[in-house]
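Architecture and fold: a report
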Amino acid sequence: MIQDWSTLRNEVLKSHPEIAPTRRYPIQALWFFVFCALIVGLSTLVIQVLPQSGWLAFALSLILGATYGSFALYAHELLHGSILKNSWVTHVMGFFGFLVVGLSPEIWLTWHNRVHHFNTNKSGIDPDSFGLWEDFKKYPMIDFVLKRSPGSGHWLSWVYLPLNFSNQTITVTWYLMWKGDPKYYFTANKALVVFETLLTYVFWGALLAWVGWKAWILIYIVPLLMTNVIGSSYILVQHLLCPLTDKNDPLENTLGVTTLPFLDRIHFRFSHHVEHHFFPEMNHVELPQLRKLLMADYPNRYRCMSHLRALTLLLTTPRVYQDQATLWDPYSKKVFDVSALGRS
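Residues numbered from 1 in each chain as written. Predicted model: local features only at pLDDT ≥ 70, side-chain atom pairs only at ≥ 80, totals over all residues. Heavy atoms only, no water.

Another aspect to go through is the side chain of D128. For D128, the position within the fold is in the loop between α5 (105-118) and α6 (133-136). Salt bridges are absent for the buried D128, whose nearest opposite-charge side chain, R148, sits at 13 Å. Of note is the side chain of D128, whose polar atom sits 3.4 Å from the side chain of H116. In this view, D128 contacts W111, H116, Q168 and L240; residues no more than four positions away in its chain are not counted. (Helix = DSSP H or I, 4+ residues; strand = E, 2+ residues; numbered from the N terminus. Buried < 20%, exposed > 50% of the residue type's maximum accessible area, 1.4 Å probe, protein only. Lys, Arg positive; Asp, Glu negative; His and termini not counted. Salt bridge = Lys/Arg side-chain N within 4 Å of Asp/Glu carboxyl O. Polar contact = N/O pair within 3.5 Å; in protein donor to acceptor, adjacent residues only side chain to side chain. Contact = heavy atoms within 4.5 Å.)

What follows is the structure, given as structure tokens:
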């Protein structure tokens, strides 16, 4: 039975009073300075090494990309208020965490914290979902979007992950914020969003002029593509392989994944996505224990699978929905039922 998010939260809190979803971990603010130091250091190394060894510079660029990917996931957690109370300080820190993808923290707070979390997998509303075909076909360029979406079989689909989050950022910033339903996007300060977004463009443009195009590719373009892959490899499988819902039920519309322990740590437990949608304000260190509780309390409803299997399914199944639980390709007519996916 599908339940409302607030009902489920209260149910869990009543059953497990030891849970402390609002406990903050201010010591984790130090990670911000670690990431900044690593990024500056690695970027400098790439520039210095490039004239002597292009391959070594490229290898360092990949490490830089992995660092940026973790930094973006850290910014996600930071802007949920689980490290420090949300303020202008966390806003500025979030700006640097999202700098590589050109994302304004101001639009992120509306897009992700408010629209996505309160309307997860709700067709026509959640900006992270393709939704029902009837809703999706109202958007511009639908043929191009579907051809490049994972699972379409088109060659463009293989560049979807490296470009997805940047593309989504552009779509929300320059289209949905202006032409989307005002009742969902009114909380964003448009002037601030534009200022922050243009500031990222100016920064990367100035860096190009300063270091030259060869170094710029290695300290910006390669890390940007890697950040997209890292973020999208989680974001896309955690909702696009679940049913659409009118009631916001994280046991129905969200999938957890299991991954390597090392990756889980440096990605701030982003794999624990069902738990995150129960308590977005909960710090990542609390999520493994919550997963155990949810799996024990809802053994027939909890959705989870290996990250590798989820990615394989993402790349081999359609993206729009024929109905609430059926993925459908409007061209090939291929269908895929997700109603029980990830459940034991």
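There's more to say after this.
Overall, antiparallel pairing links the three strands, which are arranged β3-β4-β5 in an open sheet. Either end of the sheet is taken by a strand with one partner, and the two such strands are β3 (320-323) and β5 (335-337). Across the sheet, the mean angle from the axis of one strand to that of its neighbour is 40 degrees, orientation sign disregarded. Both strand β4 (residues 326-328) and β5 contribute to a ladder of three bridges, which runs antiparallel. Looking at β5, one finds that T326 is bridged to D337. (Pairing = 2+ DSSP bridges. Axes fitted to C-alpha atoms, helices over the stretch in contact; angles between N-to-C directions.)

Let us now look at the packing of helix α2 (residues 30-49) against helix α11 (residues 213-240). Two elements in contact, α2 and α11, have axes separated by 10 Å at closest approach and are oriented at 150 degrees. Looking at the two axes, α2 sits roughly antiparallel to α11. Considering how the two elements wind past one another, α2 and α11 form a crossing that is right-handed. Touching S43, V46 and I47 of α2 are A215, L218 and I219, all from α11. For the contact of α2 with α11, the residue count by class is five nonpolar, one polar and no charged. (Parallel < 35°, antiparallel > 145°, perpendicular 65-115°, else oblique. Left-handed = near helix turned anticlockwise from the far one by under 90°. Nonpolar A, V, L, I, M, F, W, Y, C, P; charged D, E, K, R; others polar.)

Let us now look at helix α4 (residues 88-97). Considered for burial, the residues of α4 that qualify are T90, H91, M93, G94, F95 and G97. Looking at the buried positions of α4, the neighbouring elements they touch are α2, α3 (54-78), α5 and α10 (190-211).

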